[in-house]
2 protein chains.
Amino acid sequence: MNHGGTGTISGENLLFLTDEQLRKGIEAMFFAYRGFTADPDRILAEHGYGRAHHRALHFVNRTHGTTVNNLLSVLGVTKQSLNRVLRTLIEDGLVESRVGRTDRRERNLYLTEAGQTLERKLSEAQRERMRAAYRIAGPQAVAGFRQVLEAMMDDEIRRQYLALKERR
Amino acid sequence: MNHGGTGTISGENLLFLTDEQLRKGIEAMFFAYRGFTADPDRILAEHGYGRAHHRALHFVNRTHGTTVNNLLSVLGVTKQSLNRVLRTLIEDGLVESRVGRTDRRERNLYLTEAGQTLERKLSEAQRERMRAAYRIAGPQAVAGFRQVLEAMMDDEIRRQYLALKERR
DNA sequence: TTGGAATGTCAACAAGACTGACATAAAATA
DNA sequence: TATTTTATGTCAGTCTTGTTGACATTCCAA
(Lines give C-alpha, C1' and ligand atoms only; values in the text may rest on other atoms or scores of the structure.)
Protein backbone atom coordinates (compact mmCIF):
# COMPACT_ATOMS: atom_id res chain seq x y z
CA MET A 1 0.00 0.00 0.00
CA ASN A 2 1.36 3.41 -0.97
CA HIS A 3 2.01 6.15 1.48
CA GLY A 4 -0.44 9.03 1.23
CA GLY A 5 1.74 12.13 1.40
CA THR A 6 0.84 15.16 -0.67
CA GLY A 7 4.36 15.68 -1.94
CA THR A 8 4.94 18.10 -4.76
CA ILE A 9 8.01 16.44 -6.22
CA SER A 10 7.29 15.28 -9.75
CA GLY A 11 7.15 11.54 -10.07
CA GLU A 12 4.73 11.28 -7.19
CA ASN A 13 1.83 12.18 -9.46
CA LEU A 14 0.84 8.54 -9.75
CA LEU A 15 1.40 7.47 -6.17
CA PHE A 16 -0.61 10.45 -5.18
CA LEU A 17 -3.91 9.23 -6.55
CA THR A 18 -4.53 6.44 -4.09
CA ASP A 19 -8.06 5.46 -3.16
CA GLU A 20 -7.28 6.66 0.35
CA GLN A 21 -6.46 10.16 -0.88
CA LEU A 22 -9.58 10.20 -3.03
CA ARG A 23 -11.76 9.02 -0.16
CA LYS A 24 -10.46 11.77 2.08
CA GLY A 25 -11.30 14.30 -0.61
CA ILE A 26 -14.80 12.89 -0.94
CA GLU A 27 -15.46 13.01 2.79
CA ALA A 28 -13.96 16.49 3.06
CA MET A 29 -16.31 17.64 0.32
CA PHE A 30 -19.30 16.14 2.13
CA PHE A 31 -18.52 17.64 5.52
CA ALA A 32 -17.41 20.99 4.15
CA TYR A 33 -20.63 21.43 2.21
CA ARG A 34 -22.53 21.16 5.48
CA GLY A 35 -20.48 24.02 6.89
CA PHE A 36 -20.88 25.92 3.65
CA THR A 37 -24.67 25.97 3.97
CA ALA A 38 -24.98 26.07 7.78
CA ASP A 39 -24.97 29.83 8.33
CA PRO A 40 -27.43 30.77 5.56
CA ASP A 41 -29.65 27.87 6.61
CA ARG A 42 -30.00 29.35 10.08
CA ILE A 43 -30.94 32.77 8.72
CA LEU A 44 -33.35 31.29 6.19
CA ALA A 45 -35.12 29.27 8.88
CA GLU A 46 -35.84 32.48 10.80
CA HIS A 47 -37.65 33.78 7.73
CA GLY A 48 -39.44 30.54 6.97
CA TYR A 49 -37.42 29.93 3.83
CA GLY A 50 -35.20 27.11 2.64
CA ARG A 51 -32.07 26.64 0.56
CA ALA A 52 -34.07 26.85 -2.63
CA HIS A 53 -35.00 30.44 -1.78
CA HIS A 54 -31.38 31.30 -1.13
CA ARG A 55 -30.31 29.96 -4.50
CA ALA A 56 -33.00 31.94 -6.27
CA LEU A 57 -32.12 35.14 -4.41
CA HIS A 58 -28.44 34.64 -5.12
CA PHE A 59 -28.75 34.23 -8.85
CA VAL A 60 -31.41 36.89 -9.32
CA ASN A 61 -29.09 39.29 -7.51
CA ARG A 62 -26.16 38.02 -9.55
CA THR A 63 -27.76 38.66 -12.92
CA HIS A 64 -30.34 41.42 -12.56
CA GLY A 65 -33.22 41.09 -14.96
CA THR A 66 -32.56 37.43 -15.74
CA THR A 67 -35.43 35.43 -17.17
CA VAL A 68 -37.11 32.41 -15.59
CA ASN A 69 -35.72 30.13 -18.28
CA ASN A 70 -32.23 31.40 -17.69
CA LEU A 71 -32.55 30.81 -13.97
CA LEU A 72 -33.83 27.28 -14.59
CA SER A 73 -30.75 26.25 -16.50
CA VAL A 74 -28.42 27.73 -13.88
CA LEU A 75 -30.22 26.15 -10.94
CA GLY A 76 -30.82 22.83 -12.64
CA VAL A 77 -34.36 22.30 -11.38
CA THR A 78 -37.75 22.05 -13.06
CA LYS A 79 -39.84 25.13 -13.67
CA GLN A 80 -42.54 23.78 -11.34
CA SER A 81 -40.06 23.54 -8.54
CA LEU A 82 -38.58 26.97 -9.19
CA ASN A 83 -41.99 28.50 -9.67
CA ARG A 84 -43.14 27.52 -6.20
CA VAL A 85 -40.13 29.22 -4.65
CA LEU A 86 -40.28 32.25 -6.94
CA ARG A 87 -43.98 32.75 -6.28
CA THR A 88 -43.51 32.99 -2.53
CA LEU A 89 -40.60 35.39 -2.97
CA ILE A 90 -42.73 37.59 -5.24
CA GLU A 91 -45.72 37.42 -2.88
CA ASP A 92 -43.47 38.38 0.02
CA GLY A 93 -42.14 41.32 -1.93
CA LEU A 94 -38.53 40.18 -2.18
CA VAL A 95 -38.50 39.63 -5.93
CA GLU A 96 -40.11 41.67 -8.67
CA SER A 97 -41.23 40.10 -11.94
CA ARG A 98 -41.57 42.46 -14.90
CA VAL A 99 -42.92 41.54 -18.32
CA GLY A 100 -40.10 41.56 -20.87
CA ARG A 101 -39.77 44.64 -23.10
CA THR A 102 -38.61 43.09 -26.32
CA ASP A 103 -40.22 39.70 -25.76
CA ARG A 104 -43.37 40.06 -23.72
CA ARG A 105 -43.52 36.31 -22.99
CA GLU A 106 -40.47 36.60 -20.82
CA ARG A 107 -40.38 37.78 -17.22
CA ASN A 108 -37.39 39.76 -16.05
CA LEU A 109 -36.57 39.18 -12.41
CA TYR A 110 -35.19 41.74 -9.97
CA LEU A 111 -34.62 41.93 -6.24
CA THR A 112 -36.61 44.57 -4.38
CA GLU A 113 -35.04 46.60 -1.57
CA ALA A 114 -36.20 43.95 0.92
CA GLY A 115 -34.87 41.21 -1.34
CA GLN A 116 -31.47 42.88 -1.55
CA THR A 117 -31.39 43.22 2.22
CA LEU A 118 -32.00 39.53 2.81
CA GLU A 119 -29.64 38.50 0.03
CA ARG A 120 -26.87 40.62 1.55
CA LYS A 121 -27.48 39.12 4.95
CA LEU A 122 -27.28 35.59 3.57
CA SER A 123 -24.27 36.11 1.35
CA GLU A 124 -22.44 38.07 4.03
CA ALA A 125 -22.78 35.14 6.42
CA GLN A 126 -21.57 32.73 3.75
CA ARG A 127 -18.73 34.99 2.68
CA GLU A 128 -17.62 35.37 6.26
CA ARG A 129 -17.08 31.64 6.61
CA MET A 130 -15.38 31.46 3.24
CA ARG A 131 -13.19 34.40 4.21
CA ALA A 132 -12.16 32.70 7.43
CA ALA A 133 -11.38 29.46 5.60
CA TYR A 134 -9.35 31.32 2.97
CA ARG A 135 -7.39 33.15 5.63
CA ILE A 136 -6.53 29.94 7.44
CA ALA A 137 -5.60 28.05 4.28
CA GLY A 138 -3.74 30.85 2.53
CA PRO A 139 -3.72 32.21 -1.04
CA GLN A 140 -1.99 29.27 -2.64
CA ALA A 141 -4.47 26.82 -1.14
CA VAL A 142 -7.36 28.92 -2.41
CA ALA A 143 -6.06 28.79 -5.96
CA GLY A 144 -5.86 25.02 -5.71
CA PHE A 145 -9.29 24.83 -4.13
CA ARG A 146 -10.87 26.61 -7.07
CA GLN A 147 -8.93 24.61 -9.63
CA VAL A 148 -10.13 21.30 -8.22
CA LEU A 149 -13.71 22.49 -7.90
CA GLU A 150 -13.78 23.70 -11.49
CA ALA A 151 -12.38 20.41 -12.70
CA MET A 152 -15.08 18.58 -10.78
CA MET A 153 -18.02 20.29 -12.52
CA ASP A 154 -20.01 18.81 -15.39
CA ASP A 155 -18.89 20.33 -18.69
CA GLU A 156 -22.14 22.15 -19.33
CA ILE A 157 -22.20 23.56 -15.81
CA ARG A 158 -18.59 24.64 -16.00
CA ARG A 159 -19.41 26.54 -19.16
CA GLN A 160 -22.14 28.41 -17.31
CA TYR A 161 -19.97 28.96 -14.27
CA LEU A 162 -17.16 30.46 -16.32
CA ALA A 163 -19.55 32.71 -18.22
CA LEU A 164 -21.00 33.88 -14.91
CA LYS A 165 -17.55 34.27 -13.40
CA GLU A 166 -16.41 36.80 -15.96
CA ARG A 167 -19.46 39.02 -15.64
CA ARG A 168 -19.32 42.51 -14.16
CA MET B 1 -11.61 48.16 -6.81
CA ASN B 2 -8.79 45.72 -6.27
CA HIS B 3 -7.57 43.33 -8.90
CA GLY B 4 -8.47 39.72 -8.24
CA GLY B 5 -5.28 37.80 -9.02
CA THR B 6 -4.40 34.78 -6.93
CA GLY B 7 -0.80 35.86 -6.46
CA THR B 8 1.35 34.04 -3.95
CA ILE B 9 3.62 36.95 -3.06
CA SER B 10 3.20 37.83 0.58
CA GLY B 11 1.54 41.19 1.09
CA GLU B 12 -1.29 40.28 -1.23
CA ASN B 13 -3.02 38.38 1.53
CA LEU B 14 -5.36 41.26 2.18
CA LEU B 15 -6.01 42.33 -1.40
CA PHE B 16 -6.78 38.74 -2.07
CA LEU B 17 -9.91 38.52 0.03
CA THR B 18 -12.21 40.64 -2.10
CA ASP B 19 -15.93 39.94 -2.16
CA GLU B 20 -15.49 39.03 -5.81
CA GLN B 21 -13.00 36.29 -4.96
CA LEU B 22 -15.23 35.02 -2.20
CA ARG B 23 -18.27 34.98 -4.45
CA LYS B 24 -16.41 32.97 -7.07
CA GLY B 25 -15.48 30.46 -4.39
CA ILE B 26 -19.08 30.23 -3.24
CA GLU B 27 -20.41 29.66 -6.74
CA ALA B 28 -17.65 27.16 -7.50
CA MET B 29 -18.62 25.23 -4.38
CA PHE B 30 -22.27 25.20 -5.43
CA PHE B 31 -21.68 24.01 -8.98
CA ALA B 32 -18.95 21.56 -8.05
CA TYR B 33 -21.14 19.85 -5.49
CA ARG B 34 -23.63 19.12 -8.25
CA GLY B 35 -20.91 17.37 -10.21
CA PHE B 36 -19.71 15.64 -7.08
CA THR B 37 -23.07 13.93 -6.56
CA ALA B 38 -24.11 13.51 -10.21
CA ASP B 39 -22.57 10.10 -10.93
CA PRO B 40 -23.70 8.33 -7.74
CA ASP B 41 -27.15 9.91 -8.15
CA ARG B 42 -27.55 8.23 -11.53
CA ILE B 43 -26.59 4.83 -10.17
CA LEU B 44 -28.79 5.25 -7.10
CA ALA B 45 -31.78 6.15 -9.25
CA GLU B 46 -31.43 2.85 -11.12
CA HIS B 47 -31.78 1.05 -7.80
CA GLY B 48 -34.60 3.26 -6.51
CA TYR B 49 -32.42 4.83 -3.85
CA GLY B 50 -31.46 8.41 -3.02
CA ARG B 51 -28.48 10.28 -1.66
CA ALA B 52 -29.39 9.40 1.91
CA HIS B 53 -28.87 5.73 1.08
CA HIS B 54 -25.47 6.47 -0.39
CA ARG B 55 -24.37 8.31 2.74
CA ALA B 56 -25.51 5.46 4.95
CA LEU B 57 -23.75 2.86 2.80
CA HIS B 58 -20.59 4.94 2.72
CA PHE B 59 -20.25 5.38 6.45
CA VAL B 60 -21.34 1.86 7.38
CA ASN B 61 -18.66 0.60 5.02
CA ARG B 62 -16.23 3.11 6.44
CA THR B 63 -16.66 2.01 10.04
CA HIS B 64 -17.83 -1.60 10.16
CA GLY B 65 -20.01 -2.41 13.13
CA THR B 66 -20.83 1.22 13.88
CA THR B 67 -23.94 1.92 15.95
CA VAL B 68 -26.98 3.86 14.86
CA ASN B 69 -26.15 6.64 17.30
CA ASN B 70 -22.65 6.90 15.97
CA LEU B 71 -23.94 7.11 12.43
CA LEU B 72 -26.41 9.81 13.45
CA SER B 73 -23.76 12.17 14.69
CA VAL B 74 -21.67 11.69 11.56
CA LEU B 75 -24.57 12.17 9.16
CA GLY B 76 -26.16 15.03 11.07
CA VAL B 77 -29.77 13.91 10.69
CA THR B 78 -32.41 12.73 13.14
CA LYS B 79 -32.53 9.09 14.09
CA GLN B 80 -36.01 8.80 12.61
CA SER B 81 -34.77 10.03 9.25
CA LEU B 82 -31.81 7.69 9.26
CA ASN B 83 -33.97 4.81 10.44
CA ARG B 84 -36.21 4.93 7.40
CA VAL B 85 -33.24 4.73 5.06
CA LEU B 86 -31.57 2.06 7.14
CA ARG B 87 -34.71 -0.03 7.28
CA THR B 88 -35.04 -0.22 3.50
CA LEU B 89 -31.36 -1.11 3.18
CA ILE B 90 -31.82 -3.89 5.74
CA GLU B 91 -35.01 -5.14 4.08
CA ASP B 92 -33.24 -5.18 0.72
CA GLY B 93 -30.40 -7.17 2.23
CA LEU B 94 -27.66 -4.57 1.77
CA VAL B 95 -27.10 -3.87 5.45
CA GLU B 96 -27.11 -6.23 8.39
CA SER B 97 -28.12 -5.05 11.85
CA ARG B 98 -26.90 -7.14 14.78
CA VAL B 99 -27.93 -6.60 18.38
CA GLY B 100 -24.98 -5.28 20.37
CA ARG B 101 -23.05 -7.79 22.47
CA THR B 102 -22.16 -5.68 25.46
CA ASP B 103 -25.12 -3.32 25.25
CA ARG B 104 -28.17 -4.97 23.80
CA ARG B 105 -29.85 -1.62 23.15
CA GLU B 106 -27.33 -0.90 20.46
CA ARG B 107 -27.37 -2.21 16.90
CA ASN B 108 -24.09 -2.87 15.12
CA LEU B 109 -24.29 -2.24 11.39
CA TYR B 110 -22.48 -4.11 8.63
CA LEU B 111 -22.64 -4.24 4.84
CA THR B 112 -23.63 -7.57 3.33
CA GLU B 113 -21.98 -8.86 0.15
CA ALA B 114 -24.65 -7.12 -1.91
CA GLY B 115 -24.20 -3.96 0.13
CA GLN B 116 -20.48 -3.96 -0.47
CA THR B 117 -21.05 -4.45 -4.18
CA LEU B 118 -23.31 -1.40 -4.47
CA GLU B 119 -21.08 0.69 -2.21
CA ARG B 120 -18.10 -0.08 -4.39
CA LYS B 121 -20.02 0.80 -7.52
CA LEU B 122 -21.06 4.14 -6.06
CA SER B 123 -17.73 5.10 -4.57
CA GLU B 124 -15.86 4.00 -7.67
CA ALA B 125 -17.96 6.36 -9.78
CA GLN B 126 -17.39 9.19 -7.34
CA ARG B 127 -13.69 8.47 -7.02
CA GLU B 128 -13.34 8.42 -10.78
CA ARG B 129 -14.56 12.00 -11.06
CA MET B 130 -12.41 13.06 -8.13
CA ARG B 131 -9.44 11.32 -9.70
CA ALA B 132 -9.98 13.14 -13.00
CA ALA B 133 -10.29 16.48 -11.22
CA TYR B 134 -7.15 15.83 -9.19
CA ARG B 135 -5.23 14.91 -12.28
CA ILE B 136 -6.25 18.07 -14.08
CA ALA B 137 -5.57 20.32 -11.09
CA GLY B 138 -2.35 18.69 -9.93
CA PRO B 139 -0.96 17.64 -6.54
CA GLN B 140 -0.39 21.12 -5.17
CA ALA B 141 -3.94 22.17 -5.99
CA VAL B 142 -5.30 19.09 -4.24
CA ALA B 143 -3.46 19.94 -1.04
CA GLY B 144 -4.97 23.42 -1.13
CA PHE B 145 -8.38 22.02 -1.93
CA ARG B 146 -8.38 19.89 1.19
CA GLN B 147 -6.99 22.67 3.37
CA VAL B 148 -9.77 25.06 2.42
CA LEU B 149 -12.47 22.41 2.83
CA GLU B 150 -11.23 21.47 6.27
CA ALA B 151 -11.16 25.12 7.31
CA MET B 152 -14.74 25.48 6.11
CA MET B 153 -16.19 22.76 8.35
CA ASP B 154 -17.93 23.38 11.65
CA ASP B 155 -15.59 22.70 14.55
CA GLU B 156 -17.49 19.67 15.80
CA ILE B 157 -17.70 18.18 12.32
CA ARG B 158 -14.02 18.79 11.65
CA ARG B 159 -13.21 16.92 14.82
CA GLN B 160 -15.19 13.95 13.55
CA TYR B 161 -13.72 14.22 10.07
CA LEU B 162 -10.17 14.21 11.39
CA ALA B 163 -10.89 11.25 13.66
CA LEU B 164 -12.35 9.39 10.70
CA LYS B 165 -9.51 10.44 8.45
CA GLU B 166 -6.85 8.81 10.59
CA ARG B 167 -8.63 5.48 10.80
CA ARG B 168 -7.33 2.38 9.11
C1' DT C 1 -35.84 -2.61 42.52
C1' DT C 2 -37.19 1.10 40.40
C1' DG C 3 -36.85 5.38 37.83
C1' DG C 4 -34.20 7.86 34.58
C1' DA C 5 -31.28 7.76 30.48
C1' DA C 6 -29.98 5.75 26.19
C1' DT C 7 -31.31 3.49 22.07
C1' DG C 8 -34.15 2.36 18.49
C1' DT C 9 -38.95 2.01 16.05
C1' DC C 10 -43.50 3.60 14.33
C1' DA C 11 -46.61 7.35 12.71
C1' DA C 12 -47.65 11.67 10.83
C1' DC C 13 -46.28 15.74 8.64
C1' DA C 14 -43.57 19.39 5.70
C1' DA C 15 -40.23 21.04 2.27
C1' DG C 16 -38.79 20.64 -2.01
C1' DA C 17 -37.60 17.88 -5.67
C1' DC C 18 -40.00 15.28 -9.66
C1' DT C 19 -43.48 14.10 -13.82
C1' DG C 20 -47.52 14.95 -16.52
C1' DA C 21 -51.21 17.69 -18.29
C1' DC C 22 -52.88 21.87 -19.62
C1' DA C 23 -53.69 27.20 -20.31
C1' DT C 24 -52.20 31.52 -22.02
C1' DA C 25 -49.75 34.81 -24.49
C1' DA C 26 -46.48 36.08 -27.75
C1' DA C 27 -43.23 35.22 -31.26
C1' DA C 28 -41.83 32.86 -35.33
C1' DT C 29 -42.85 30.70 -39.44
C1' DA C 30 -45.25 28.39 -43.24
C1' DT D 1 -53.17 35.03 -42.24
C1' DA D 2 -53.06 30.61 -40.07
C1' DT D 3 -50.29 27.50 -37.68
C1' DT D 4 -46.62 26.13 -34.87
C1' DT D 5 -43.28 26.93 -31.47
C1' DT D 6 -41.66 29.11 -27.32
C1' DA D 7 -41.91 31.06 -22.59
C1' DT D 8 -44.26 31.04 -18.65
C1' DG D 9 -47.46 29.71 -15.13
C1' DT D 10 -50.58 26.46 -12.73
C1' DC D 11 -52.86 22.22 -10.95
C1' DA D 12 -52.49 17.58 -9.39
C1' DG D 13 -49.99 13.82 -7.76
C1' DT D 14 -45.73 11.34 -6.32
C1' DC D 15 -41.17 10.62 -4.04
C1' DT D 16 -37.21 11.46 -1.01
C1' DT D 17 -35.74 13.05 3.04
C1' DG D 18 -35.95 15.97 6.51
C1' DT D 19 -38.83 17.11 10.93
C1' DT D 20 -41.53 16.16 15.79
C1' DG D 21 -44.10 13.29 18.89
C1' DA D 22 -45.13 9.01 21.08
C1' DC D 23 -43.60 4.75 22.60
C1' DA D 24 -40.98 0.21 23.56
C1' DT D 25 -36.86 -1.83 25.12
C1' DT D 26 -32.70 -2.05 27.62
C1' DC D 27 -29.26 -0.57 30.78
C1' DC D 28 -27.53 1.53 34.90
C1' DA D 29 -27.32 3.87 39.12
C1' DA D 30 -29.59 5.61 43.21
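First, a word on what this report is: a plain description of the structure on this page. Only a predicted model underlies this, so the values are computations on that prediction, with no experimental measurement involved.

## Concerning the pairing of strand S3 (residues 107-111) of chain A
No. 1: Where strand S1 (residues 66-67) of chain A and S3 of chain A come together, two bridges link them in antiparallel fashion. In the strand pairing of S3 of chain A, Thr-66 of chain A is matched with Leu-109 of chain A.

## Quick notes on the nonpolar core
No. 1: Counting residues in hydrophobic clusters, the biggest one holds 94 residues, and the most contacted among them are Phe-145 and Met-152 of chain A together with Phe-145 and Met-152 of chain B.
No. 2: Taken domain by domain, the makeup of this core includes at least three residues from each of domain 1 (31-128) and domain 2 (138-168) of chain B.
No. 3: Here Phe-145 of chain B is in contact with Gly-25, Met-29, Ala-141, Gly-144, Phe-145, Val-148, Leu-149 and Met-152 of chain A together with Met-130 and Tyr-134 of chain B, once residues within four sequence places are set aside.

## Observations concerning the protein's contact with DNA strand C
No. 1: Taken together, the neighbourhood of DNA strand C is formed by 24 residues, with Arg-55 of chain A together with Asn-69, Lys-79, Asn-83 and Arg-87 of chain B sitting nearest.
No. 2: At 3.3 Å, a backbone N or O of Gly-50 of chain A approaches a phosphate oxygen of DNA strand C.
No. 3: Between Arg-105 of chain B and DNA strand C, the recorded distance is 3.4 Å, taken from a backbone N or O atom to a sugar or linking oxygen.
No. 4: For the surface near DNA strand C, the secondary-structure elements that each account for two or more residues are helix H2 (51-62) and helix H4 (79-91) of chain A together with helix H3 (68-75) and helix H4 (79-91) of chain B.
No. 5: Looking at the surface near DNA strand C residue by residue, the classes come out as three nonpolar, ten polar and eleven charged.

## Remarks on the relation of the copies chain B and chain A
No. 1: Structural alignment of chain B on chain A gives an RMSD of 0.2 Å, achieved by rotating through 180° and translating 0.0 Å along the axis. The transformation just described matches what one would write down for a two-fold rotation axis. Rotation axis and chain B: the residue whose C-alpha lies nearest the axis is Phe-145 of chain B, separated from it by 1.8 Å.
No. 2: Same-surface contact between copies: 100% of interface residues of chain B are shared with the interface of chain A.

Parameters and conventions
Residues numbered from 1 in each chain as written. Chains lettered and ligands numbered in written order. Predicted model: local features only at pLDDT ≥ 70, side-chain atom pairs only at ≥ 80, totals over all residues. Heavy atoms only, no water. Pairing = 2+ DSSP bridges. Helix = DSSP H or I, 4+ residues; strand = E, 2+ residues; numbered from the N terminus. Core = buried A, V, L, I, M, F, W, Y, C linked by side-chain atoms within 4.5 Å. Buried < 20%, exposed > 50% of the residue type's maximum accessible area, 1.4 Å probe, protein only. Domains from an automatic or database assignment. Contact = heavy atoms within 4.5 Å. Near = heavy atom within 4 Å. Polar contact = N/O pair within 3.5 Å; in protein donor to acceptor, adjacent residues only side chain to side chain. Nonpolar A, V, L, I, M, F, W, Y, C, P; charged D, E, K, R; others polar. Least-squares fit on C-alpha atoms with pLDDT ≥ 70 in both.

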